[in-house]
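One-letter residues, chain by chain:
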Amino acid sequence: MKAKTIQLTHEEIKIILRAADSIIAEGGRTLLAKMLKGSREKKVLELELDKNPAYGFYKQEKLEVVMEKIDWMIDHSFLTTEYFGKLPMIVFTERGWLIESDQYTDELIHEWEKWIFRGKTKPDMNYLKDRNRGMILLMLQKIRESGNKSFIPYLTLWKENEYKKFQAEISQTIKAIEEQVPVDEAVIRERENKVQEALKGVTLNDYSLKCFECGERFVFPVAEQRFYRQKGFKLPKRCPECREKKWK
Ligand SMILES: [Zn+2]
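Here is what the cut-offs are and how they apply
- Residues numbered from 1 in each chain as written.
- Predicted model: local features only at pLDDT ≥ 70, side-chain atom pairs only at ≥ 80, totals over all residues.
- Heavy atoms only, no water.
- Donors = N, O, S within 2.8 Å, 3.2 Å for Na, K, Ca; no water.
- Tetrahedral: all angles 85-135°; square planar, octahedral: opposite > 155°, others 65-115°.
- Phe/Tyr/Trp six-rings, centres within 6.5 Å; stacked < 30°, edge-to-face > 60°.
- Buried < 20%, exposed > 50% of the residue type's maximum accessible area, 1.4 Å probe, protein only.
- Lys NZ or Arg CZ within 6 Å of the ring centre and 35° of its normal.
- Pairing = 2+ DSSP bridges.
- Helix = DSSP H or I, 4+ residues; strand = E, 2+ residues; numbered from the N terminus.
- Axes fitted to C-alpha atoms, helices over the stretch in contact; angles between N-to-C directions.
- Parallel < 35°, antiparallel > 145°, perpendicular 65-115°, else oblique.
- Left-handed = near helix turned anticlockwise from the far one by under 90°.
- Contact = heavy atoms within 4.5 Å.
- Nonpolar A, V, L, I, M, F, W, Y, C, P; charged D, E, K, R; others polar.
- Expected span 1.5 Å × (residues − 1).
- Core = buried A, V, L, I, M, F, W, Y, C linked by side-chain atoms within 4.5 Å.
- Domains from an automatic or database assignment.

An unreviewed UniProt entry annotates the chain as Superfamily II DNA helicase of Bacillus weihaiensis.

A.B. asks: Help me understand the coordination of the zinc ion in this model?
C.D. replies: Four donors placed tetrahedrally around a metal ideally meet at 109.5 degrees, and six donors placed octahedrally ideally meet at 90 or 180 degrees. Here the zinc ion is held by Cys211 (SG), Cys214 (SG), Cys239 (SG) and Cys242 (SG), and the distances to it run 2.3 Å. In this structure, the zinc ion is coordinated by four donor atoms arranged in tetrahedral fashion, with angles at the metal of 102 to 115 degrees.

A.B. asks: Before we go on, may I ask you to explain the packing of aromatic side chains in this structure?
C.D. replies: Aromatic ring pairs: the centre-centre distance and the angle between the two ring planes describe each pair. Counted under the stated rule, the structure contains 15 aromatic pairs. When the centroid spacing of 5.2 Å and the interplanar angle of 90 degrees are considered together, the rings of Phe220 and Tyr228 count as edge-to-face. Assigned by exposure class, Phe220 and Tyr228 land together as buried. An aromatic cluster is defined as three or more aromatic residues linked by ring pairs; in this entry it consists of Tyr83, Tyr207, Phe220, Phe227, Tyr228 and Phe233. One Lys or Arg, Lys129, reaches over the ring of Tyr163 and ends 4.7 Å from the middle of that ring. One cation-aromatic arrangement involves Lys246 over Trp247; the distance from NZ or CZ to the ring centre is 4.6 Å.

A.B. asks: Got a minute to help me understand the pairing of strand β1 (residues 79-84) in this structure?
C.D. replies: Across six bridges, the pairing between β1 and strand β2 (residues 87-92) is antiparallel. Each residue of the ladder has a partner; that of Glu82, found in β2, is Met89. Between the end of β1 and the start of β2, which pair antiparallel, lie two residues, with Gly85 showing a positive phi angle near 65 degrees.

A.B. asks: Before we go on, may I ask you to explain the packing of helix α5 (residues 94-118) against helix α6 (residues 133-146) in this structure?
C.D. replies: Between two packed helices, the angle of one axis relative to the other and the distance separating the axes together describe the packing. For the pair α5 and α6, the least separation of the axes is 9 Å and the interaxial angle reads 50 degrees. Here α5 is positioned oblique relative to α6, judged by the angle of their axes. The two elements α5 and α6 cross, and the hand of that crossing is right-handed. Taken together, the residues of α6 that come into contact with α5 (itself represented by Trp97, Ser101, Asp102, Tyr104, Thr105, Asp106, Leu108, Ile109 and Trp112) are Met135, Leu138, Met139, Lys142 and Ile143. Residue classes in the contact of α5 with α6 are distributed as nine nonpolar, two polar and three charged.

A.B. asks: Explanation requested: helix α4 (residues 63-75) in the structure shown.
C.D. replies: In an α-helix there are 3.6 residues to a turn, and that puts residues three or four apart on one side. Between the first and last C-alpha of α4 there are 18 Å, a value that for 13 residues agrees with the 18 Å anticipated at 1.5 Å per step. The complete set of buried residues in α4 reads Val66, Met67, Lys69, Ile70, Asp71, Trp72, Met73, Ile74 and Asp75. One or two positions beyond α4, positive phi appears at Ser77, with a value near 65 degrees.

A.B. asks: Teacher, can you tell me more about the nonpolar core here?
C.D. replies: The biggest cluster of nonpolar side chains holds 32 residues, and the ones touching the most others in it are Leu32, Leu36, Met73 and Leu79. Every element with two or more residues in this core is listed here: α1 (10-20), α2 (29-37), α4, β2 and α9 (185-199). The residues that make up this core include at least three from each of domain 1 (10-92) and domain 2 (97-199). Not counting residues up to four positions away in its chain, the partners in contact with Leu36 are Ile15, Ile16, Ala19, Ala54, Gly56, Phe57, Tyr58, Lys59, Val66 and Ile70. Among the nonpolar cores identified, the runner-up in size contains 22 residues, and Trp112, Trp158, Ile174 and Ile177 belong to it.

A.B. asks: Whenever I open this one, the environment of Lys114 confuses me. Can you help?
C.D. replies: Turning to its location among the elements, Lys114 is positioned in helix α5. What makes Lys114 partly exposed here is its relative accessible area of 42%. For Lys114 and Gln172, which are 58 residues apart along the polypeptide, the C-alpha to C-alpha distance reads 24 Å.

Spelled out as structure tokens, the structure:
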């Protein structure tokens, strides 16, 4: 296996995570690469991947180079693969989701700012329904921190549309903005530190696993870990010797 010498910038990590958000559990590494490359293939257009802001970010790169970058993201634990049916699909790791939910909530709030600027008064708030709960709470938290009273009409519309469980959260956000409750700077700083920490990623190292057949420990080398991650395989249960015996 050839050594990977590439290093992605924070911007690239964020862009790839933003792209991945549109295909989570729906597509694999190749589809993600095609989307970043700006492919006009049927599947890409059917899933409306061309509407994602990261679409075509790597227009100038060869597809295999984009694939290498995606594998780098998997190697460094920003993304991983899991089997859904017959195919390994891209999913976020906890680290990857932490970064993505942070930048995506910023994007959603930025969209509201644009609406205010354009004087949009009756947006359809249905798009926020059935989203990830943690992400919605983070978005509300950031709206509250903004202290921006212009958001209140959108919050009110959103609340009318929302399930009971979120209505209370939205009401509290509205109240906090109206009363201009002071923002806890420490909470913001801690959140930002977490994102910066997550962006460092992790580097794979050889480690050992215990064989479920003979009980001996065996090394699970980086090259194999990489292969298992890319294919969405579960960790090997048996040592190489027992594996060989099993298949004889
Ligand atoms: Zn064994």
